[in-house]
Amino acid sequence: MTLADAYRRTLDSIAAAAESAGRQQSDVRLLLATKTVQPDRLREAALAGARLFGENRVQEALPKIEPLLDCDIEWHMIGHLQTNKVRDALRFASCIHSVDRESLVLALQKECLRLGRTCDVLVEVNTSGEANKHGIAPDDVGRLLDAIAATPELRLRGFMTIGAHSDDEGTVRACFASLRRISERATAEGRVTGGPPVLSMGMSGDLAWAIAEGSTLVRVGSAIFGQRE
Ligand SMILES: *Cc1c(COP(=O)(O)O)cnc(C)c1O
């Protein structure tokens, strides 16, 4: 299967999942998770129609941006972000999916002030409680939202999570449902800006469950680019 075929198949899966959930396909964006994938393959994906790319590590991302400058690509930062990498992250990312602590909010604010710009952010929540996952605990989200609300340079656009590492539908969907409830509460409190909240959830293995629970953005790597080393 070519990369373009895999890309179209993923779009078909998104459409099918949206339809069974009674939702519009256009309400779910596809972000390509591009870690370990080289620029020539990313160009192929862009030619197939992909527009939204997400990188995990700034050191890996920066050298991949330049050779693709002629492509119409929007880059997001989807991986854990160290405060000392914020400057480099803002060089390429229009949205940071992994805001999970106040020190990162402060570091982003400082850099945005220096650059005279704002930044779209998602709060990453550890909905599974798995120890090896990043993200803020659901109970601590409120305090982090207060910090973001006090930071006009950051625009809270929504929330991100990674589903539990499990094949059990109920277990995985509970994570996504938890993120949706957190987002609904924050939206009712008027904390989300710039349009309907973004719910960044669902990957190659669980995107249908995430869409059933309200995902508006799925992050897909291996289903399009193949298994990573
Ligand atoms: C790698 C990665 C993905 C994509 O995972 P696949 O299972 O390859 O689709 C999504 N989100 C994040 C944060 C990732 O690191």
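For the structure given in this document, a descriptive report is provided here. Not measured: the values here are computed from a predicted model.

### Quick look at the packing of aromatic side chains
- Tallied over the full model, the rule gives one aromatic pair.
- A ring pair is formed by Phe-53 and Trp-75, whose centres lie 5.4 Å apart and whose planes are at 80°; its orientation type is edge-to-face. Separated by 22 residues along the polypeptide, Phe-53 in strand S2 (residues 52-55) and Trp-75 in strand S3 (residues 74-77) bring together distant segments of the chain. For the pair Phe-53 and Trp-75, one class covers both residues: buried.

### A few points about the nonpolar core
- Ranked by size, the top nonpolar core spans 62 residues in total, and within it Leu-32, Phe-53, Ile-96, Leu-108, Val-123 and Phe-159 carry the most contacts.
- With nine residues, the next largest nonpolar core counts Leu-31, Ala-33, Cys-95 and Val-198 among its residues.

### Notes on the site of the ligand
- The full set of residues close to the ligand is Ala-33, Lys-35, Asn-56, Ile-78, Met-203, Ser-204, Arg-219, Val-220, Gly-221, Ser-222 and Arg-228.
- In this structure, Ser-222 approaches the ligand through a main-chain N or O atom, which is 2.8 Å from an oxygen atom.
- Arg-228 has a polar side-chain atom sitting 2.8 Å from an oxygen atom of the ligand.
- In the complex, the protein chains occlude 89% of the 390 Å² of accessible area that the ligand would expose alone.
- Because more than half of its atoms lie within 2 Å of the grid, the ligand is assigned to the largest pocket.
- When the residues that make up the shell around the ligand are grouped by side-chain class, the tally is four nonpolar, four polar and three charged.

Parameters at a glance
- Residues numbered from 1 in each chain as written.
- Predicted model: local features only at pLDDT ≥ 70, side-chain atom pairs only at ≥ 80, totals over all residues.
- Heavy atoms only, no water.
- Phe/Tyr/Trp six-rings, centres within 6.5 Å; stacked < 30°, edge-to-face > 60°.
- Helix = DSSP H or I, 4+ residues; strand = E, 2+ residues; numbered from the N terminus.
- Buried < 20%, exposed > 50% of the residue type's maximum accessible area, 1.4 Å probe, protein only.
- Core = buried A, V, L, I, M, F, W, Y, C linked by side-chain atoms within 4.5 Å.
- Near = heavy atom within 4 Å.
- Polar contact = N/O pair within 3.5 Å; in protein donor to acceptor, adjacent residues only side chain to side chain.
- Areas by Shrake-Rupley, 256 points an atom, 1.4 Å probe, with all protein chains shown as cover.
- 1 Å grid on protein atoms, 1.4 Å probe; cavity = no way out; pocket = protein on both sides within 12 Å on 5 of 7 lines; lining within 4 Å.
- Sits in = over half its atoms within 2 Å of the grid points.
- Nonpolar A, V, L, I, M, F, W, Y, C, P; charged D, E, K, R; others polar.

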